[in-house]
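Residue-level listing of the chains:
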Amino acid sequence: MIHKFVEFIPENLEEGIIYITIKYATAVHSCACGCGKEVVTPLSPTDWKLTYDGATITLSPSIGNWNFECKSHYWIINSEVEWADQWSNEMIQEGRTQDRYEKSKYYKKEKSDLGDTHQDSKSEIKEEIKKLNLMMRTLRRMKEYLFSTK
Ligand SMILES: [Zn+2]
C-alpha cells in the first residue's frame, strides 16, 4: 500500500493508496479486499494511531470493516496489508479451549454426582493420617536421639 500525504481527500480513491491528511487528522483508503468501499480512519489518541518512519506507514489498531459486506479485517504494517486471519484462528482456538474447560467442569460435576468425591475425601483423610503418623514417628526418634546423647 502506497501512502500519500494530501491536503484534501480526493473524490475518487485509487486502490492501494492510503491518503493521509494531517490537517484533518484522518487517513482514508479503499478497502484492501478490493470491494471498493471507503475506509475512513480518524487519527486521534482514541481512534487510530499513524506511525510514519519516513518511508512506510503503520496504522494501529487493526482495521475491521465489520459494517461492510466483505467484513475484512487487516492491519497496515510498514505499508503492507497484513490480513488478520491468524488473529481469528486464535479466537477460534480460544473458543475451543473455553469449550474444553466447560466440558471438564461438566464431567467433574457428573463424577461427583456418582459419589466419587466422597471416595476421594476418604482416601485423602487416609493420606493425612499416614502423614501424621510419619511425623509422630520422626518426632519420637528425634526425642530418643536427643535423650540418648545427653
Ligand atoms: Zn472490502
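Since the structure is predicted, the reported quantities are computational estimates derived from the model, not experimental observations.

Rules and cut-offs
Along each chain, the written sequence defines residue order, and numbers are assigned to residues from 1. For a predicted model such as this one, the threshold for reporting local features is a pLDDT of at least 70, and the threshold for listing and counting side-chain atom pairs is 80 or more; totals across whole chains, interfaces and linings nevertheless cover every residue. The numbering of helices and of strands both runs from the N terminus, where a helix is a DSSP run of H or I of at least 4 residues and a strand a run of E of at least 2. Partly exposed residues are those falling between the two cut-offs: more than 12 but fewer than 20 other C-beta atoms within 10 Å of their own, whereas 20 or more means buried and 12 or fewer means exposed, with C-beta atoms placed from the backbone. What counts as a contact here is a pair of residues whose C-beta atoms, placed from the backbone, lie within 7 Å. Strands are labelled as partners when DSSP assigns at least two bridges between them. Axis lines are fitted through C-alpha atoms, for helices just across the contact stretch, and the angle between N-to-C directions can take any value from 0 to 180 degrees. The term nonpolar core refers to a set of buried Ala, Val, Leu, Ile, Met, Phe, Trp, Tyr and Cys residues connected through C-beta atoms within 7 Å.

### A word on the overall build of the chain
Summing up its helical and strand segments, the chain has two helices and eight strands in all. N-terminal to C-terminal, the α/β element order of the chain is β-β-β-β-β-β-β-β-α-α. Here the chain holds 150 residues, and 8% of them are scored as buried. Taking the contacts inside the chain whose residues are at least 6 apart along the sequence as the reference set, 23% of them involve residues at least 24 apart.

### Comments concerning the pairing of strand 4 (residues 38-42)
Side-chain direction in a regular strand flips from residue to residue, so the side chains alternate between the two faces of the sheet. By the criterion of burial, strand 4 is predominantly exposed, with just zero of the five residues buried. Where strand 3 (residues 26-30) meets strand 4, five bridges bridge the pair, whose relative direction is antiparallel. Its bridge partner lying in strand 4, Ser30 is registered against Glu38.

### Topic: the sheet that holds strand 7 (residues 73-77)
Spatially, four strands are ordered 5-6-7-8 in an open sheet, and the strand pairing comes out antiparallel. Every interior strand has two partners, whereas the edge strands, strand 5 (49-52) and strand 8 (80-83), have only one. Between one strand axis and the next, the sheet turns by 25° as a mean value, whatever way the strands run.

### Notes on the sheet that holds strand 3
Taken together, four strands build an open sheet; the order of strands is 1-2-3-4 and the sheet is mixed. Each edge of the open sheet carries a strand with a single partner, namely strand 1 (2-5) and strand 4. The mean inter-strand angle of the sheet, taken between neighbouring strand axes irrespective of direction, is 20°.

### Considerations on the nonpolar core
In this structure, Ile18, Ile20, Ala27, Ala32, Ile57, Leu59, Ile63, Tyr74 and Ile76 together form the largest nonpolar core, which totals nine residues. Listing elements by their share of this core, those giving two or more residues are strand 2 (17-21), strand 6 (57-64) and strand 7. Of the residues forming this core, the biggest block, three residues, is contributed by strand 6. Sequence-distant contacts of Ile18, defined by excluding residues within four places in its chain, comprise Met1, His3, Ala27, His29, Ile57 and Ile76.

### Considerations on the pairing of strand 3
When strand 2 meets strand 3, the two strands line up antiparallel, connected through four bridges. By the bridge assignment for strand 3, Ile20 is matched with Ala27.

### Some thoughts on unusual backbone geometry
Along the chain, Ser60 connects to Pro61 via a cis peptide bond; the corresponding omega equals 0°. Phi at Ala25 is positive, roughly 45°, even though this residue is not glycine. Mapped onto the secondary structure, Ala25 falls in the loop between strand 2 and strand 3. Ala25 gets classed as partly exposed once you count the C-beta atoms within 10 Å, which come to 13.

### Digging into the environment of Met1
As for its position among the elements, Met1 is in the segment before strand 1. Of the residues examined, Met1 has 19 C-beta atoms within 10 Å and is grouped as partly exposed. Distance in space between the C-alpha atoms of Met1 and Ala32 is 8.7 Å, their sequence separation being 31 residues. Residues contacting Met1, with those up to four places away along its chain left out, are Gly16, Ile18, Ile76, Ser79, Glu80 and Val81.

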